[in-house]
Amino acid sequence: MQWLSLTILAFTGGCIFYQDIKTRTVTWFIFPLIAITGILYSAYNSESLNVFFKNLLINTIFLLIQFLLLKAVYFLKNGSNNQLIDKSIGSGDILFLIACSFFFSPVNFILFYCMSLVFVLLNHVVFKTIRIKNEKFYETVPMAGFQAIFLFVYILINVILNNNLTTDDRIISGFTN
(Lines give C-alpha, C1' and ligand atoms only; values in the text may rest on other atoms or scores of the structure.)
Protein backbone atom coordinates (compact mmCIF):
# COMPACT_ATOMS: atom_id res chain seq x y z
CA MET A 1 0.00 0.00 0.00
CA GLN A 2 2.87 2.37 0.79
CA TRP A 3 4.45 1.82 -2.61
CA LEU A 4 1.12 2.42 -4.35
CA SER A 5 0.76 5.66 -2.37
CA LEU A 6 4.30 6.67 -3.34
CA THR A 7 3.64 5.92 -7.01
CA ILE A 8 0.48 8.05 -7.02
CA LEU A 9 2.30 10.77 -5.08
CA ALA A 10 5.21 10.77 -7.54
CA PHE A 11 2.81 11.18 -10.48
CA THR A 12 0.62 13.88 -8.88
CA GLY A 13 3.62 15.68 -7.38
CA GLY A 14 5.33 15.70 -10.77
CA CYS A 15 2.17 17.13 -12.37
CA ILE A 16 1.92 19.86 -9.75
CA PHE A 17 5.60 20.74 -10.11
CA TYR A 18 5.41 20.91 -13.91
CA GLN A 19 2.19 22.95 -13.97
CA ASP A 20 3.29 25.32 -11.21
CA ILE A 21 6.69 25.97 -12.81
CA LYS A 22 5.25 26.31 -16.31
CA THR A 23 2.07 28.35 -15.76
CA ARG A 24 1.82 29.07 -12.00
CA THR A 25 -1.55 27.31 -11.99
CA VAL A 26 -2.41 23.75 -11.04
CA THR A 27 -5.38 21.68 -12.20
CA TRP A 28 -7.79 21.47 -9.26
CA PHE A 29 -8.51 17.72 -9.36
CA ILE A 30 -4.90 16.87 -8.48
CA PHE A 31 -5.41 18.09 -4.90
CA PRO A 32 -8.18 15.59 -4.07
CA LEU A 33 -5.96 12.85 -5.54
CA ILE A 34 -3.19 13.82 -3.12
CA ALA A 35 -5.68 13.93 -0.24
CA ILE A 36 -6.95 10.44 -1.15
CA THR A 37 -3.36 9.23 -1.33
CA GLY A 38 -2.80 10.71 2.13
CA ILE A 39 -5.88 8.87 3.41
CA LEU A 40 -4.57 5.58 1.96
CA TYR A 41 -1.12 6.20 3.46
CA SER A 42 -2.58 7.06 6.86
CA ALA A 43 -5.06 4.15 6.79
CA TYR A 44 -2.13 1.80 6.26
CA ASN A 45 0.03 3.40 8.98
CA SER A 46 -2.41 4.84 11.54
CA GLU A 47 -3.22 3.16 14.81
CA SER A 48 -6.96 3.84 14.45
CA LEU A 49 -9.54 5.92 12.67
CA ASN A 50 -9.85 8.15 15.75
CA VAL A 51 -6.12 8.94 15.62
CA PHE A 52 -6.40 9.77 11.92
CA PHE A 53 -9.28 12.21 12.47
CA LYS A 54 -7.57 13.77 15.51
CA ASN A 55 -4.41 14.33 13.46
CA LEU A 56 -6.40 15.80 10.58
CA LEU A 57 -8.30 18.15 12.89
CA ILE A 58 -5.14 19.41 14.60
CA ASN A 59 -3.34 19.87 11.27
CA THR A 60 -6.30 21.77 9.83
CA ILE A 61 -6.46 24.03 12.89
CA PHE A 62 -2.72 24.67 12.51
CA LEU A 63 -3.21 25.70 8.88
CA LEU A 64 -6.16 27.91 9.80
CA ILE A 65 -4.08 29.67 12.46
CA GLN A 66 -1.27 30.15 9.91
CA PHE A 67 -3.68 31.65 7.41
CA LEU A 68 -5.24 33.98 10.00
CA LEU A 69 -1.80 35.14 11.13
CA LEU A 70 -0.80 35.77 7.53
CA LYS A 71 -4.03 37.70 6.97
CA ALA A 72 -3.32 39.79 10.11
CA VAL A 73 0.23 40.56 8.97
CA TYR A 74 -0.99 41.70 5.56
CA PHE A 75 -3.72 43.78 7.21
CA LEU A 76 -1.21 45.48 9.51
CA LYS A 77 1.27 45.96 6.69
CA ASN A 78 -1.17 47.38 4.13
CA GLY A 79 -3.73 48.94 6.43
CA SER A 80 -6.60 47.38 4.55
CA ASN A 81 -8.25 44.02 4.07
CA ASN A 82 -6.92 43.39 0.55
CA GLN A 83 -7.48 40.09 -1.18
CA LEU A 84 -4.79 37.73 0.09
CA ILE A 85 -5.64 34.57 -1.83
CA ASP A 86 -4.47 34.62 -5.46
CA LYS A 87 -2.74 37.98 -4.92
CA SER A 88 -0.07 37.02 -2.38
CA ILE A 89 -0.62 33.31 -1.91
CA GLY A 90 -2.20 31.06 -4.49
CA SER A 91 -5.30 29.03 -3.80
CA GLY A 92 -3.34 26.02 -5.08
CA ASP A 93 -0.77 26.53 -2.33
CA ILE A 94 -3.51 26.40 0.31
CA LEU A 95 -5.24 23.40 -1.28
CA PHE A 96 -1.92 21.57 -1.48
CA LEU A 97 -1.20 22.12 2.23
CA ILE A 98 -4.68 20.93 3.14
CA ALA A 99 -4.13 17.79 1.04
CA CYS A 100 -0.76 17.24 2.75
CA SER A 101 -2.37 17.37 6.18
CA PHE A 102 -3.87 13.90 5.54
CA PHE A 103 -0.40 12.28 5.62
CA PHE A 104 0.95 13.38 8.98
CA SER A 105 0.61 13.48 12.72
CA PRO A 106 0.67 17.07 14.08
CA VAL A 107 4.38 17.25 14.97
CA ASN A 108 5.38 15.53 11.73
CA PHE A 109 3.14 17.93 9.79
CA ILE A 110 4.74 20.98 11.40
CA LEU A 111 8.20 19.54 10.63
CA PHE A 112 7.18 18.88 7.03
CA TYR A 113 5.64 22.36 6.74
CA CYS A 114 8.71 24.19 8.06
CA MET A 115 11.26 22.12 6.15
CA SER A 116 9.26 22.40 2.92
CA LEU A 117 9.16 26.20 3.24
CA VAL A 118 12.96 26.26 3.65
CA PHE A 119 13.22 23.96 0.60
CA VAL A 120 10.95 26.31 -1.40
CA LEU A 121 12.99 29.36 -0.39
CA LEU A 122 16.33 27.75 -1.24
CA ASN A 123 15.09 26.51 -4.62
CA HIS A 124 13.55 29.85 -5.48
CA VAL A 125 16.84 31.61 -4.68
CA VAL A 126 18.75 29.11 -6.84
CA PHE A 127 16.30 29.47 -9.75
CA LYS A 128 16.38 33.24 -9.40
CA THR A 129 20.18 33.25 -9.37
CA ILE A 130 20.41 31.03 -12.45
CA ARG A 131 17.80 33.15 -14.28
CA ILE A 132 16.81 30.52 -16.82
CA LYS A 133 13.70 32.36 -18.04
CA ASN A 134 12.45 35.93 -18.28
CA GLU A 135 12.13 38.31 -15.32
CA LYS A 136 8.36 37.87 -15.00
CA PHE A 137 8.95 34.21 -14.10
CA TYR A 138 10.56 35.27 -10.81
CA GLU A 139 7.82 37.62 -9.60
CA THR A 140 6.01 34.74 -7.87
CA VAL A 141 7.18 31.59 -6.12
CA PRO A 142 5.95 28.17 -7.34
CA MET A 143 5.36 27.08 -3.73
CA ALA A 144 3.03 24.13 -4.34
CA GLY A 145 5.34 22.81 -7.06
CA PHE A 146 8.44 22.77 -4.89
CA GLN A 147 6.48 21.48 -1.88
CA ALA A 148 5.08 18.64 -4.01
CA ILE A 149 8.61 17.48 -4.83
CA PHE A 150 9.60 17.83 -1.18
CA LEU A 151 6.53 15.87 -0.02
CA PHE A 152 7.42 12.92 -2.25
CA VAL A 153 11.08 12.88 -1.18
CA TYR A 154 10.20 13.35 2.51
CA ILE A 155 7.71 10.48 2.53
CA LEU A 156 9.99 8.25 0.42
CA ILE A 157 12.88 8.73 2.86
CA ASN A 158 10.62 8.00 5.81
CA VAL A 159 9.22 4.85 4.17
CA ILE A 160 12.76 3.62 3.48
CA LEU A 161 13.77 4.39 7.09
CA ASN A 162 10.56 2.74 8.33
CA ASN A 163 9.43 5.91 10.14
CA ASN A 164 5.70 6.18 10.78
CA LEU A 165 4.65 9.74 9.94
CA THR A 166 1.15 9.26 11.38
CA THR A 167 2.37 9.15 14.98
CA ASP A 168 4.58 11.46 17.02
CA ASP A 169 5.88 8.68 19.30
CA ARG A 170 9.35 8.45 17.73
CA ILE A 171 9.86 12.22 17.84
CA ILE A 172 8.58 12.59 21.40
CA SER A 173 10.66 9.66 22.65
CA GLY A 174 13.72 11.30 21.07
CA PHE A 175 13.19 14.35 23.27
CA THR A 176 12.47 12.44 26.46
CA ASN A 177 15.46 10.06 26.35
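Before reading further, recall that the structure is shown in the block above.
In this text, all values refer to a predicted model and were calculated from it rather than measured experimentally.

S.K.: What's the story with the packing of aromatic side chains in this structure? I'm lost.
M.R.: For any two aromatic rings, the description comes down to two numbers: the centre-to-centre distance and the angle of the planes. Using the criterion set out here, one finds 17 aromatic pairs in the structure. The interplanar angle of 35° and the centroid separation of 6.4 Å between the aromatic rings of Phe 109 and Tyr 113 together place this pair among those described as tilted. Pair noted here: Phe 109 and Tyr 113 are both in helix H5 (residues 106-130), with a separation of four residues, about one helical turn. The buried category is assigned to Phe 109, whose relative accessible area is 0%. Counting every residue linked through ring pairs, the aromatic cluster contains Tyr 41, Phe 62, Phe 103, Phe 104, Phe 109, Phe 112, Tyr 113, Phe 119, Phe 150 and Tyr 154.

S.K.: Would you take a moment to explain the side chain of Asp 20 for this structure?
M.R.: Note on placement: Asp 20 falls in helix H1 (residues 2-23). One buried charged side chain, Asp 20, makes no salt bridge at all; its nearest oppositely charged neighbour is Arg 24, positioned 5.1 Å away. Each residue touching Asp 20, except ones within four places of it in the same chain, is listed here: Thr 25, Val 26, Asp 93, Pro 142, Met 143, Ala 144 and Gly 145.

S.K.: Looking at this structure, I do not really get empty space enclosed by the protein. What am I missing?
M.R.: Using a probe with the size of a water molecule, rolled over the atoms, empty space left in the structure can be pinpointed. Going through the model one piece at a time under the given rule, you end up with one cavity of 30 Å³ or more. Empty space within the largest cavity amounts to approximately 40 Å³. The wall of the largest cavity is formed by Ser 42, Ser 46, Phe 52, Asn 55, Leu 56, Ser 101, Phe 102, Phe 103, Phe 104, Ser 105 and Thr 166. Among the elements that line the lining of the largest cavity, the one with the most residues is helix H3 (residues 49-78), at three residues. Here the lining of the largest cavity is built from residues that sort into five nonpolar, six polar and no charged.

S.K.: I'm lost on the nonpolar core in this one. Help?
M.R.: The nonpolar side chains of soluble globular proteins are, as a tendency, buried together. Core analysis: the largest hydrophobic core is formed by 35 residues, its most contacted members being Ile 34, Phe 96, Phe 104, Leu 151 and Ile 155. Within the residue set of this core, elements represented by two or more residues are H1, helix H2 (30-45), H3, helix H4 (91-100), H5 and helix H6 (143-160). With nine residues, H6 is the largest single contributor of residues to this core.

S.K.: Got a minute to help me understand a nonpolar patch on the surface in this structure?
M.R.: A surface patch of nonpolar side chains, about 530 Å² in accessible area, is lined by Trp 3, Val 153, Ile 157, Ile 160 and Leu 161. For the nonpolar patch, the leading source of residues is H6, giving three residues. Tracing the sequence through the fold places Trp 3 in helix H1. Under the relative-accessibility criterion, Trp 3 is labelled exposed at 54%.

S.K.: Please explain H1 as it appears in this structure.
M.R.: Given 3.6 residues to a turn, an α-helix orients residues that are three or four positions apart in the same direction. Counted at 1.5 Å a residue, the expected span for H1 with its 22 residues is 32 Å, and the 31 Å between its end C-alpha atoms agrees. In this structure, the buried residues of H1 make contact with H2, H4 and H6. Directly after H1, the chain includes Arg 24, whose backbone phi takes a positive value near 65°.

S.K.: Explanation requested: the side chain of Thr 12 in the structure shown.
M.R.: Note that Thr 12 resides in helix H1. A distance of 3.3 Å separates the side chain of Thr 12 from the backbone oxygen of Leu 9, its partner in a polar contact. The residues touching Thr 12, leaving out its near neighbours within four places in the chain, are Ile 30, Leu 33 and Ile 34.

S.K.: Teacher, can you tell me more about the packing of H1 against H6 here?
M.R.: When two helices pack together, their arrangement is given by the angle between their axes and by how far apart the axes lie. Where H1 meets H6, the axes come as close as 7 Å, and the angle between the chain directions of the two elements is 160°. One finds that H1 runs roughly antiparallel with respect to H6. Crossing hand, H1 versus H6: left-handed. Contact residues: H1 offers Gln 2, Trp 3, Leu 6, Leu 9, Ala 10, Gly 13, Ile 16, Phe 17, Asp 20 and Ile 21, while H6 offers Met 143, Ala 144, Gly 145, Phe 146, Ala 148, Ile 149, Leu 151, Phe 152, Ile 155, Leu 156 and Val 159. Tallied by class, the residues present in the contact of H1 with H6 amount to 17 nonpolar, three polar and one charged.

Rules behind the numbers
Residues numbered from 1 in each chain as written. Predicted model: local features only at pLDDT ≥ 70, side-chain atom pairs only at ≥ 80, totals over all residues. Heavy atoms only, no water. Phe/Tyr/Trp six-rings, centres within 6.5 Å; stacked < 30°, edge-to-face > 60°. Helix = DSSP H or I, 4+ residues; strand = E, 2+ residues; numbered from the N terminus. Buried < 20%, exposed > 50% of the residue type's maximum accessible area, 1.4 Å probe, protein only. Lys, Arg positive; Asp, Glu negative; His and termini not counted. Salt bridge = Lys/Arg side-chain N within 4 Å of Asp/Glu carboxyl O. Contact = heavy atoms within 4.5 Å. 1 Å grid on protein atoms, 1.4 Å probe; cavity = no way out; pocket = protein on both sides within 12 Å on 5 of 7 lines; lining within 4 Å. Points joined across faces, edges and corners; volume = space filled by probe spheres on them. Nonpolar A, V, L, I, M, F, W, Y, C, P; charged D, E, K, R; others polar. Core = buried A, V, L, I, M, F, W, Y, C linked by side-chain atoms within 4.5 Å. Patch = residues over 30% accessible without salt bridge, like charges linked within 9 Å, V, L, I, M, F, W, Y side chains within 5 Å. Areas by Shrake-Rupley, 256 points an atom, 1.4 Å probe, with all protein chains shown as cover. Expected span 1.5 Å × (residues − 1). Polar contact = N/O pair within 3.5 Å; in protein donor to acceptor, adjacent residues only side chain to side chain. Axes fitted to C-alpha atoms, helices over the stretch in contact; angles between N-to-C directions. Parallel < 35°, antiparallel > 145°, perpendicular 65-115°, else oblique. Left-handed = near helix turned anticlockwise from the far one by under 90°.

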